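Spelled out from the first residue to the last, the chains are:
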Amino acid sequence: MAAYKSVLLKLSGEALMGNDAFGINPATIDSMVSDIAKVVNAGIKLAIVIGGGNIFRGVAGGAAGMDRATADYMGMLATMMNSLALQDSLRQKGVEARVQSAIRMDQVVEPYIRPRAIRHMNEGKVVIFAAGTGNPFFTTDTAAALRGAEMGVEIVLKATKVDGIYTSDPNKDPNAILYDKISFDEAIIKNLKVMDATAFALCRDRELPIKVFSILKPGALMRVVMGENEGTLVHI
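Residues numbered from 1 in each chain as written. Predicted model: local features only at pLDDT ≥ 70, side-chain atom pairs only at ≥ 80, totals over all residues. Heavy atoms only, no water.

**Q** So, helix H1 (residues 26-41): which residues are in play, and what are the values?
**A** Over its 16 residues, H1 extends 22 Å from the first C-alpha to the last, a length consistent with the 22 Å expected when each residue adds 1.5 Å. Turning to H1, its buried residues are Thr-28, Ile-29, Met-32, Val-33, Asp-35, Ile-36, Ala-37, Val-39 and Val-40. On the buried face of H1, the contacting elements are strand E1 (6-11), strand E2 (45-50), helix H3 (68-92), strand E5 (126-130) and helix H8 (220-225). Where H1 begins, one side-chain oxygen reaches toward the backbone nitrogen of Ala-27, 3.1 Å away; that side chain belongs to Asn-25. Two residues or fewer after H1 comes Gly-43, characterised by a positive phi angle close to 90 degrees. (Helix = DSSP H or I, 4+ residues; strand = E, 2+ residues; numbered from the N terminus. Expected span 1.5 Å × (residues − 1). Buried < 20%, exposed > 50% of the residue type's maximum accessible area, 1.4 Å probe, protein only. Contact = heavy atoms within 4.5 Å. Polar contact = N/O pair within 3.5 Å; in protein donor to acceptor, adjacent residues only side chain to side chain.)

**Q** So, the nonpolar core: which residues are in play, and what are the values?
**A** Ranked by internal contacts, the top residues of the largest apolar core, which has 37 residues, are Leu-9 and Leu-86. Those elements that place two or more of their residues in this core are E1, H1, E2, H3, strand E3 (97-101), E5, strand E6 (155-160) and H8. In terms of residues, this core owes the most to one element, H1, which gives seven residues. Discounting chain neighbours no more than four positions away, the residues touching Leu-86 are Leu-11, Ile-29, Val-33, Ile-36, Ile-48, Ile-50 and Ile-128. Grouped together as the second largest cluster of nonpolar side chains are 29 residues, Ala-145, Val-153, Met-195 and Ala-199 included. (Core = buried A, V, L, I, M, F, W, Y, C linked by side-chain atoms within 4.5 Å.)

**Q** Can you lay out the environment of Asn-54 for me, pointing to particular residues and giving the numbers?
**A** Following the sequence through the fold, Asn-54 ends up in helix H2 (residues 53-56). According to the relative accessible area criterion, Asn-54 is buried, its value standing at 0%. Taking the C-alpha atoms as reference, Asn-54 lies 6.9 Å from Leu-16; in sequence the two are 38 residues apart. Filtering out sequence-adjacent residues up to four positions away, Asn-54 remains in contact with Gly-13, Glu-14, Leu-16, Met-17, Phe-22, Gly-23, Ile-24 and Asn-82.

**Q** Go over the packing of H1 against H3, please, and point to the residues and values.
**A** Where H1 contacts H3, the two axes come as close as 10 Å, and the packing angle between them is 60 degrees. In terms of their interaxial angle, H1 and H3 are classed as oblique. The chirality of how H1 crosses H3 is right-handed. Seen from H1, the contacting residues are Ile-29, Val-33 and Ile-36; seen from H3, they are Ala-85, Leu-86, Ser-89 and Leu-90. Grouping the constituent residues of the contact of H1 with H3 by class yields six nonpolar, one polar and no charged. (Axes fitted to C-alpha atoms, helices over the stretch in contact; angles between N-to-C directions. Parallel < 35°, antiparallel > 145°, perpendicular 65-115°, else oblique. Left-handed = near helix turned anticlockwise from the far one by under 90°. Nonpolar A, V, L, I, M, F, W, Y, C, P; charged D, E, K, R; others polar.)

This is the structure in structure tokens:
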């Protein structure tokens, strides 16, 4: 039996690259979508927030010196491209998905409307939230915390390239130890980079736990929602 009935999955854009320099790696997104489909087919309500780093990275050099707000809007458009790709891949797996954008693009996707998003989730559809919060200076981590709170999910799942939170960078420190669980306060005191500060504070204030795990490990997403020992839990 699943440990959670409703979750929000935060995917980084970089996770879609696989081993490529930028863009979307077909094999990588197919593997992710297969794992997502298993979770949905198990009857778990799922919303997704996705970043845009895999696309924006390719133009980041040209954005050097650009007005921060303009660059952030470009990043929001990159999340839209990823969201549409994810929606299409989910549909190919037989999973109904809806993209809702914080920036209006009515000819392409639905605008973000909270009651409609909740209805989609209750109907078993995956809701993909694009364009972050719709505001510059806020990351997609913050969008994940915000939408998770608005949808009333039980947990935010932060999918990364590493399998949890370590005492130090495991790529630099061979003695780094993986936390099984850690409190919000302890993570703040130790300055562990779980999410950006705004997102982290919102989750803590809403008592919304965060699970950090590797999306690149086959079956990890299902193990997380089933409550198995996978990744690191950040809790009150």
